[in-house]
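# Structural features, examined
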Amino acid sequence: MTEHEELVKAREAERQAALEDIAKECIAEVRAWSVAHPQAKWDELEEAVLQARQRFGERLLQAVVEERAEVRPVPGPPCAQCGTEMHYKGPKSRYVVSSLGETQLERGYYYCPQCKVGVFPPR
Ligand SMILES: [Zn+2]
């Protein structure tokens, strides 16, 4: 294996571990809550699990989008209005409301120098 391949592999293992840590945190939170609330009713327990699931969903979505953002297209996508190649302007923060919840995402931002418009290209 080349040095580069080893780096890629180590990075991948690191990302996987980071996501597993998020899952473990959510599981630990629910279990700690359960221990702290021995008299909790079914719907309260359900609510605690739903909240943990919500947090995990948001963080998983954010992590996956960030991974994808690192693999940005080179060259930039063509402008929808004039066809000029758009310039990469770096990551920008964007507030997203999805079926998994509301979250703040960093996404690659592109700008057309002709039309002076920017986009977050879909992937
Ligand atoms: Zn344009």
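As the structure is a prediction and not an experimental result, all values here were calculated from the model. (Residues numbered from 1 in each chain as written. Predicted model: local features only at pLDDT ≥ 70, side-chain atom pairs only at ≥ 80, totals over all residues.)

With that settled, consider the overall build of the protein chain. In terms of helices and strands, the protein chain carries two helices and three strands. Listing every helix and strand of the protein chain by position from the N terminus yields α-α-β-β-β. On C-alpha atoms alone, the protein chain measures out to a radius of gyration of 20 Å, which is more than a quarter above the 14 Å that the 2.2 N^0.38 rule sets for 123 residues. For the protein chain, the spread of C-alpha atoms along the principal axes amounts to about 65 × 40 × 15 Å. Within the protein chain, the proportion of its 123 residues that are buried is 5%. Taking the contacts inside the protein chain whose residues are at least 6 apart along the sequence as the reference set, 52% of them involve residues at least 24 apart. (Helix = DSSP H or I, 4+ residues; strand = E, 2+ residues; numbered from the N terminus. Rg over C-alpha atoms; globule rule 2.2 N^0.38 Å. Buried ≥ 20, exposed ≤ 12 C-beta atoms within 10 Å, placed from the backbone. Contact = placed C-beta atoms within 7 Å.)

Take helix α1 (residues 3–36) next. Between its first and last C-alpha, α1 extends 48 Å over 34 residues, near the 50 Å set by a 1.5 Å rise per residue. Within α1, only one of the 34 residues are buried, which leaves the element largely exposed. (Expected span 1.5 Å × (residues − 1).)

If you check the domain split of the protein chain, you get domain 1 (1–71) and domain 2 (76–123). Computed from C-alpha coordinates alone, the two centres of domain 1 and domain 2 are separated by 27 Å. When its residues are assigned to classes, the side of domain 1 that touches domain 2 shows three nonpolar, three polar and three charged. (Domains from an automatic or database assignment. Nonpolar A, V, L, I, M, F, W, Y, C, P; charged D, E, K, R; others polar.)

In this structure, lysine 116 is a non-glycine residue whose phi angle is positive, near 55°. Here lysine 116 is to be found in the loop between β2 (101–112) and β3 (117–119).

Before going further, it helps to examine the sheet that holds strand β1 (residues 87–98). A sheet is described by the order of its strands in space; here three strands give the open sequence β1-β2-β3, paired in antiparallel fashion. Of all the strands in the sheet, the pair left with one neighbour each is β1 and β3. With direction set aside, neighbouring strand axes in the sheet form an average angle of 35°. By the bridge criterion, three bridges tie β2 to β3 in an arrangement that is antiparallel. Looking at β3, one finds that tyrosine 111 is bridged to glycine 118. (Pairing = 2+ DSSP bridges. Axes fitted to C-alpha atoms, helices over the stretch in contact; angles between N-to-C directions.)

The subject of this paragraph is the pairing of β1. Across the twelve residues that make up β1, only a small minority, zero, are buried. Strand direction decides the pairing type here: β1 and β2, joined by ten bridges, are antiparallel. Across the sheet, arginine 94 pairs through a bridge with leucine 105, a residue of β2. The loop that links β1 with its antiparallel partner β2 comprises two residues.

Attention shifts here to the environment of arginine 59. Looking at where arginine 59 falls in the secondary structure, it is placed in helix α2 (residues 42–70). Residues arginine 59 and leucine 7 lie 52 residues apart in sequence; the distance between their C-alpha atoms is 24 Å.

Moving on, we get to the environment of isoleucine 27. Take isoleucine 27: it is sitting in helix α1. On the neighbour-count criterion, isoleucine 27 (13 C-beta atoms within 10 Å) is partly exposed.

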